[in-house]
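# Notes for the structure review
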Amino acid sequence: MSWDYQKYLHVYAQHSHHQESFIVGNREALLELRKLIDIALSNGKSVGDFFPSDDEGFQLYVGVVESEDTFNSLEMPYTEFGEINHNNYFINLKDDPRAPYSPVILFPDNEKEEDS
């Protein structure tokens, strides 16, 4: 695949709180990401297709969260705690025994279902 025409993007989450995160990509990918952000700001959500450097494609979902309670119910984005962080360092919404939730709840129309 050609570097100039393919949307190459890496999204690196924080390993734990107070650590940095990164979004890096080629120009095509970053322009597409900007477009997806603009669409999400207008429509509430958007999705785009990207490739990491191994050419294994993935979809990136961009969503606007309008409610503080919804945002606080989402699991922390840290990778150090495993695939699902099961309340590790989860400090929000202690009165909701089902929290934290995967961010997939923001995209109910997609075909992927949240793992229970």
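Counting of residues starts from 1 at the beginning of each chain's written sequence and follows it residue by residue. Per-residue local features of the predicted model are confined to residues with pLDDT of at least 70, and side-chain atom pairs are confined, for both listing and counting, to 80 or more; whole-chain, interface and lining totals are unaffected and use all residues. Excluding hydrogens and water, the side-chain figures rest on all heavy atoms present in the structure.

### Considering the overall build of the protein
To be explicit about the condition: The numbering of helices and of strands both runs from the N terminus, where a helix is a DSSP run of H or I of at least 4 residues and a strand a run of E of at least 2. Burial classes: relative accessible area under 20% of the type maximum marks a residue as buried, over 50% as exposed, and values in between as partly exposed (1.4 Å probe, protein chains only). When checking whether two residues touch, look at their non-hydrogen atoms; a contact exists if any pair is within 4.5 Å. Per-residue and other accessible areas follow the Shrake-Rupley method at a 1.4 Å probe size, with only the shown protein chains counted as cover for residues.
If you tally the helices and strands in the protein, you get two helices and four strands. Taking all 116 residues of the protein together, the buried fraction comes to 30%. Long-range pairs, those at least 24 residues apart, make up 41% of the contacts in the protein between residues at least 6 apart in sequence. In the form shown here, the protein has an accessible surface area of approximately 8400 Å², with 50% of it arising from carbon and sulfur atoms.

### So, the packing of aromatic side chains
Just so we agree on the cut-off: Pairing of aromatic rings covers Phe, Tyr and the six-membered ring of Trp, with a centre-to-centre limit of 6.5 Å; geometry is then stacked below 30 degrees between planes, edge-to-face above 60, and tilted otherwise. Either the NZ atom of lysine or the CZ atom of arginine qualifies as a charge over a ring when it sits within 6 Å of the ring centre and within 35 degrees of the ring normal.
Under the definition given, this model contains three aromatic pairs. The ring centre of Phe50 lies 5.9 Å from the NZ or CZ of Lys7, which sits over that ring.

### Some remarks on the environment of Val65
Along the chain, the position of Val65 falls in the loop between strand 4 (58-63) and helix 2 (68-73). Relative accessible area serves as the criterion here: at 27%, Val65 is assigned to the partly exposed category. Each C-alpha atom of the pair Val65 and Ala40 lies 10.0 Å from the other, and the pair is 25 residues apart in sequence. The residues touching Val65, leaving out its near neighbours within four places in the chain, are Thr70, Phe71 and Leu106.

### Remarks on the confidence of the model for the protein
To be explicit about the condition: pLDDT expresses, on a scale from 0 to 100, how confident the predictor is about each individual residue.
In this model, the protein carries a mean pLDDT of 83, and residues with pLDDT of at least 70 account for 82%. Ignoring residues within four places in sequence, the model shows residues 112-116, a span with pLDDT below 50, making five contacts including any to other chains.

### Focus: the pairing of strand 3 (residues 45-50)
Short version of the rule: We treat two strands as partners when DSSP finds at least two bridges between them.
Residues Ser46, Gly48 and Phe50 point to one face of strand 3 and are all buried, whereas Lys45, Val47 and Asp49, pointing to the other face, are not buried. Bridge analysis of strand 3 against strand 4 gives six bridges, and the strand direction is antiparallel. Across the sheet, Ser46 pairs through a bridge with Val62, a residue of strand 4.

### Section: the nonpolar core
For clarity, the threshold we go by: To qualify as a nonpolar core, a set must consist of buried Ala, Val, Leu, Ile, Met, Phe, Trp, Tyr and Cys residues joined through side-chain atoms within 4.5 Å.
By size, the foremost hydrophobic cluster in this structure holds eight residues: Leu9, Ala29, Leu33, Leu36, Ala40, Phe50, Leu60 and Val62. Sorting the residues of this core by element identifies helix 1 (27-43) and strand 4 as the ones contributing at least two each. In terms of residues, this core owes the most to one element, helix 1, which gives four residues. Setting aside anything within four residues of it in sequence, one finds Leu36 in contact with Ser46, Val47, Gly48, Phe50, Leu60 and Val62.

### Observations concerning helix 1
As a reminder of what qualifies: Multiply 1.5 Å by the residue count of a helix minus one, and that product is the helix's expected span. Think of it as the arc spanned by the lines of direction from the helix axis to the C-beta atoms.
Given a rise of 1.5 Å per residue, 17 residues ought to cover 24 Å, and the 24 Å separating the end C-alpha atoms of helix 1 matches this to within 8%. Among the residues making up helix 1, those that are buried are Ala29, Glu32, Leu33, Leu36 and Ala40. Relative to the axis of helix 1, the buried residues are bounded by an arc of 105° and lie together on one face. Across from the buried face of helix 1, at angles greater than 90 degrees, the exposed residues are Arg27, Arg34, Leu41 and Ser42.

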